[in-house]
Amino acid sequence: MIKPENMNLDKNKYYFLCAAGIGDTMIVCGFYNALKNKYNSEITLLIPAKQEFIVNMFGITDYMVVDLGCKNIQQIIKKYSKLSDKCPDPQKGKVYLVHWTFHNEMQDFIIPIYYRKSKQPFLDIYKKFLGLDPKTPFKNITNIPELSNKVKKQLLQLGDIENIVILSPEATSTPKLNNEFWEKLAIELNQKGHIVISNVINEKNKIKNTHYIKLSLKDSIALAYKCHSVYSVRSGFCDLCYQLNEKLNVYYTDRDSLFLYSLNT
């Protein structure tokens, strides 16, 4: 895979690099058609390999998988903030970082979001950042990914996939709930006869009285749309599950987070 800074760019096209979280990439994809209309031009999305399934969920075909060459978000921010200095606004033939974190000139914009004190909800903030009309609709997901054969086989060994409940306690942008909350919830769901799975990065963080299967991001989303229900602290994972409607139970640790991150419109 090629690194964004080493690409041969078409001077007649826009290139938007999605280098932030999975929820951010989802939102860019949801406004992708509106962005093409705004600029009256084709836009190629540059996507990390682990997020490729997201553009596929929205039926977007004009994209390239790129290697960010970083191990964590801190490294990504440090490296690509320098790249954003060369393209602070979308320009044809240049790579534009499509997230405010990478734009040093937008600190006044970033601070209220970072401290969850924004006076606007997240989708409205994105519309403002992208220069879209406030009434721009968000395009729904059209393609749900399939489970990998390996994971599907492991799940079926536990029982009926439609009886599985996912508990997803981890997040990077909002505070976590205490372990006792999740352990009590797991007991209640087990008593109802459900198969309860912990959706965590490391098995050592598995919630007591739940099962653990190593899931890729794609498999976790595929399972979410096939299982009984999902219980999650607000995260990029649950953002991608927003079309589950009543099957999705999202926990916000404070009212400011609820106001900022809720995708209900």
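Everything discussed here concerns the structure shown above.
What counts and how
Residues numbered from 1 in each chain as written. Predicted model: local features only at pLDDT ≥ 70, side-chain atom pairs only at ≥ 80, totals over all residues. Heavy atoms only, no water. Axes fitted to C-alpha atoms, helices over the stretch in contact; angles between N-to-C directions. Helix = DSSP H or I, 4+ residues; strand = E, 2+ residues; numbered from the N terminus. Left-handed = near helix turned anticlockwise from the far one by under 90°. Contact = heavy atoms within 4.5 Å. Nonpolar A, V, L, I, M, F, W, Y, C, P; charged D, E, K, R; others polar. Pairing = 2+ DSSP bridges. Core = buried A, V, L, I, M, F, W, Y, C linked by side-chain atoms within 4.5 Å. Buried < 20%, exposed > 50% of the residue type's maximum accessible area, 1.4 Å probe, protein only. Salt bridge = Lys/Arg side-chain N within 4 Å of Asp/Glu carboxyl O. Phe/Tyr/Trp six-rings, centres within 6.5 Å; stacked < 30°, edge-to-face > 60°.

Caption draft 1: Region of the structure containing the packing of helix α1 (residues 22-30) against helix α6 (residues 122-130). Between α1 and α6, the shortest axis-to-axis distance is 11 Å and the interhelical angle comes to 60°. For the crossing formed where α1 meets α6, the hand is right-handed. Where α1 approaches α6, its residues Asp-24, Ile-27 and Val-28 are matched on the opposing element by Phe-122, Leu-123 and Tyr-126. Residue composition of the contact of α1 with α6, grouped by class: five nonpolar, no polar and one charged.

Caption draft 2: Layout of the sheet that holds strand β2 (residues 43-48). Read across the sheet, four strands follow the order β3-β2-β1-β4 without closing on themselves; strand pairing throughout is parallel. If you trace the sheet from one side to the other, it starts and ends with β3 (63-66) and β4 (95-97), each paired once. Within the sheet, the average angular offset between the axes of one strand and its neighbour, ignoring direction, is 30°. Here β2 runs beside β3; their pairing, made up of four bridges, is parallel. Paired with Leu-46 across the bridge in β3 is Met-64.

Caption draft 3: Seen up close, the nonpolar core. Leu-45, Phe-58, Tyr-126, Leu-155 and Leu-223 are the most contacted members of the largest nonpolar core, which has 58 residues in total. Considering each element in turn, this core owes the most residues, six residues, to α6. In this structure, Tyr-126 is in contact with Asp-24, Ile-27, Val-28, Phe-31, Val-98, His-99 and Trp-100, ignoring residues within four places of it in sequence.

Caption draft 4: Highlighting the sheet that holds strand β5 (residues 164-168). Taken together, the four strands give an open sheet; going across it, the order is β6-β5-β7-β8, and neighbouring strands pair in parallel fashion. In the strand order of this sheet, the two ends are held by β6 (195-198) and β8 (248-251), each with one partner. Taking the axes of each pair of neighbouring strands and ignoring which way they run, one obtains an average angle of 15° across the sheet. Direction of pairing for strand β7 (residues 229-233) relative to β8: parallel, over a ladder of four bridges. Pairing of Val-233 across the sheet is with Tyr-251, part of β8.

Caption draft 5: Structural detail: the pattern of salt bridges. For the structure shown, the criterion picks out six salt bridges. A salt bridge links Lys-13 to Asp-62; its shortest N-O distance comes to 3.3 Å. Residue Lys-13 is located in the segment before β1 (14-17), and its partner Asp-62 is located in the loop between α3 (52-57) and β3; the two are separated by 49 residues in the primary sequence. For the pair shown, Lys-13 and Asp-62 are each scored as buried. Put simply, Glu-146 and Lys-226 hold a salt bridge, and the shortest N to O gap is 3.9 Å. Residue Glu-146 is located in the loop between α6 and α7 (149-158), and its partner Lys-226 is located in the loop between α9 (217-224) and β7; the two are separated by 80 residues in the primary sequence. Among the residues examined, Glu-146 registers a relative accessible area of 56% and is labelled exposed.

Caption draft 6: View of the packing of aromatic side chains. Applying the stated rule across the entire model yields 11 aromatic pairs. Note on Tyr-14 and Tyr-39: the rings are 4.9 Å apart at their centroids and 45° apart in plane angle, and the pair reads as tilted. Here Tyr-39 lies in helix α2 (residues 32-39) and Tyr-14 lies in strand β1, a separation of 25 residues in the sequence. Seen from their ring centres, Phe-181 and Tyr-251 are 4.8 Å apart, and the 80° between their planes marks the pair as edge-to-face. Within this pair, whereas Phe-181 is found in helix α8 (residues 179-191), its partner Tyr-251 is found in strand β8, the two being separated by 70 residues in sequence.

Caption draft 7: Inspection of the side chain of Ser-198 at higher detail. Mapped onto the secondary structure, Ser-198 falls in strand β6. Beyond its immediate chain neighbours, meaning those up to four positions away, Ser-198 contacts Leu-167, Lys-206, Ile-207, Thr-210, His-211 and Tyr-212.

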